[in-house]
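# A structural walkthrough
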Amino acid sequence: MSKRRLIASILLFVFCFAPVANAAVYEGQRVRIVIGSTAVSGDSYMVADIVNRYLQKYLQCNSKVDPIGANEAFATIRTATPDGMTFMIFHDMTYLGVLFGSYGEEYDLENMVIGPRVGQNPGSCFAGKTNAPYKDMKEMAEWLKADPNRTVRLSVELGSVSNLAFVIYYVWLKDTYGEDVANQLRFVLGGSTDTKLQQLWDNNADVIFGDYSSFLQYTKEGVDEQLALRYVGIMDRIPGRDDVPVYGDMGITMEGKPLYFSKDFLIYLPKGTPDNVVAELDEAVAKMQADPQFQEDMAKMTYAGNTLSSKEAKEFIYAKRDAIKNVLSAAPNIEDLE
């Protein structure tokens, strides 16, 4: 056999039988990222928007964040084609909505594919007026205990992280000060951050739930007295802010341990999404985590660029959900406190 024919035979064998590298799933594709919020000013959109910019870079795709709200986002992930071109970035309401009964069991975590964690927000918090007779939620408890005729109205959203924050505080009050004091809390149904702020300013609520960064402008010096806010309870520690009251630092506990709770933002995909799609997301998120500019962008918003692989994220979020499920078994029907 001539040298030329030998080379041709080798090339033919390589072309026909050698393994071919898998083409990238996302490169050049149009991708829809839904979130469980309709607002573009809250942490759900802000986190997703930051993450999206880096996913575009490392997946080399054309992706867009679509703020369609929780109902639509959950329904979309349940019915979308499992090819990775549609996925959700959302926080703990993903499983809390089911635990609180706001959404059916068809939306359980088990009916989604868990992707990587893309970040955290430690700034979920309660805030009240600066002229309130208590500076934080520990003082609030003492203030309620001192007079059984006093009440505090907390504005929260059903099935959300704010619902959880209310329940944890109620259970801690009951365990620490007795059920009578806990029952002096009143539940007020809230909506968007703007709606809850208006409830506070119109004196239809005493304390409202939101995000540290969303309230920050109203806590600074020089704000009109009618609009000024004070943080009364933040669910986790925020780097550089040792002067604000944090649940765990005030002695507020969950299952006997000081509570420090950050919102965890994960990628959720339709059931049946192939492993190679998730693997490509894992690789992109790992590169994002290592990018100093990503960490800086998250920190500017007081978010944390703490990521987890899809395997780690699944184990983490299942364990978190199960721990909270135990707490809710001791919780009241929040609507009984209206």
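Structure report, in brief.

### Here we look at the overall build of the chain
Summing up its helical and strand segments, the chain has 12 helices and 12 strands in all. If you line up the chain on its principal axes, its C-alpha atoms span 100 × 45 × 30 Å. Across the 338 residues of the chain, 51% fall into the buried class. By sequence separation, contacts in the chain at least 24 residues apart represent 77% of the contacts at least 6 residues apart. In the structure as shown, the chain presents an accessible area of about 16,100 Å², 49% of it carried by carbon and sulfur atoms. For the chain, the separation between the mean place of its 33 positive charges and that of its 45 negative charges on side chains is 7 Å.

### Here's the deal with the layout of surface pockets
As a volume, the largest pocket reaches approximately 770 Å³. Along the wall of the largest pocket there are 37 residues; nearest its centre are Ser-37, Glu-157, Gly-191, Ser-192 and Thr-193. Sorting the residues of the lining of the largest pocket by element identifies helix 2 (43–59), helix 6 (161–177), helix 8 (193–201), strand 8 (207–211) and helix 9 (212–215) as the ones contributing at least two each. Class assignment for the residues of the lining of the largest pocket results in 13 nonpolar, 18 polar and 6 charged.

### A short note on the sheet that holds strand 1 (residues 30–35)
Backbone hydrogen bonds are what pair the strands of a sheet, in a parallel or an antiparallel way. Sheet architecture is open: 5 strands sit in the order 2-1-3-12-4, paired in mixed fashion. Both edges of this open sheet fall to strand 2 (62–67) and strand 4 (112–121), since each of them pairs with a single strand only. The sheet shows a mean angle of 25 degrees between the axes of neighbouring strands, direction not considered. By the bridge criterion, 3 bridges tie strand 3 (residues 86–90) to strand 12 (residues 263–270) in an arrangement that is antiparallel. Counterpart to Met-88 in the pairing with strand 12 is Tyr-268. Taken strand by strand, helix 2 contacts strand 1, strand 2, strand 3, strand 4 and strand 12, and its axis lies near 175 degrees from that of strand 2.

Calculation notes
Residues numbered from 1 in each chain as written. Predicted model: local features only at pLDDT ≥ 70, side-chain atom pairs only at ≥ 80, totals over all residues. Heavy atoms only, no water. Helix = DSSP H or I, 4+ residues; strand = E, 2+ residues; numbered from the N terminus. Buried < 20%, exposed > 50% of the residue type's maximum accessible area, 1.4 Å probe, protein only. Contact = heavy atoms within 4.5 Å. Areas by Shrake-Rupley, 256 points an atom, 1.4 Å probe, with all protein chains shown as cover. Lys, Arg positive; Asp, Glu negative; His and termini not counted. Charge placed at Lys NZ, Arg CZ, Asp CG, Glu CD. 1 Å grid on protein atoms, 1.4 Å probe; cavity = no way out; pocket = protein on both sides within 12 Å on 5 of 7 lines; lining within 4 Å. Points joined across faces, edges and corners; volume = space filled by probe spheres on them. Nonpolar A, V, L, I, M, F, W, Y, C, P; charged D, E, K, R; others polar. Pairing = 2+ DSSP bridges. Axes fitted to C-alpha atoms, helices over the stretch in contact; angles between N-to-C directions.

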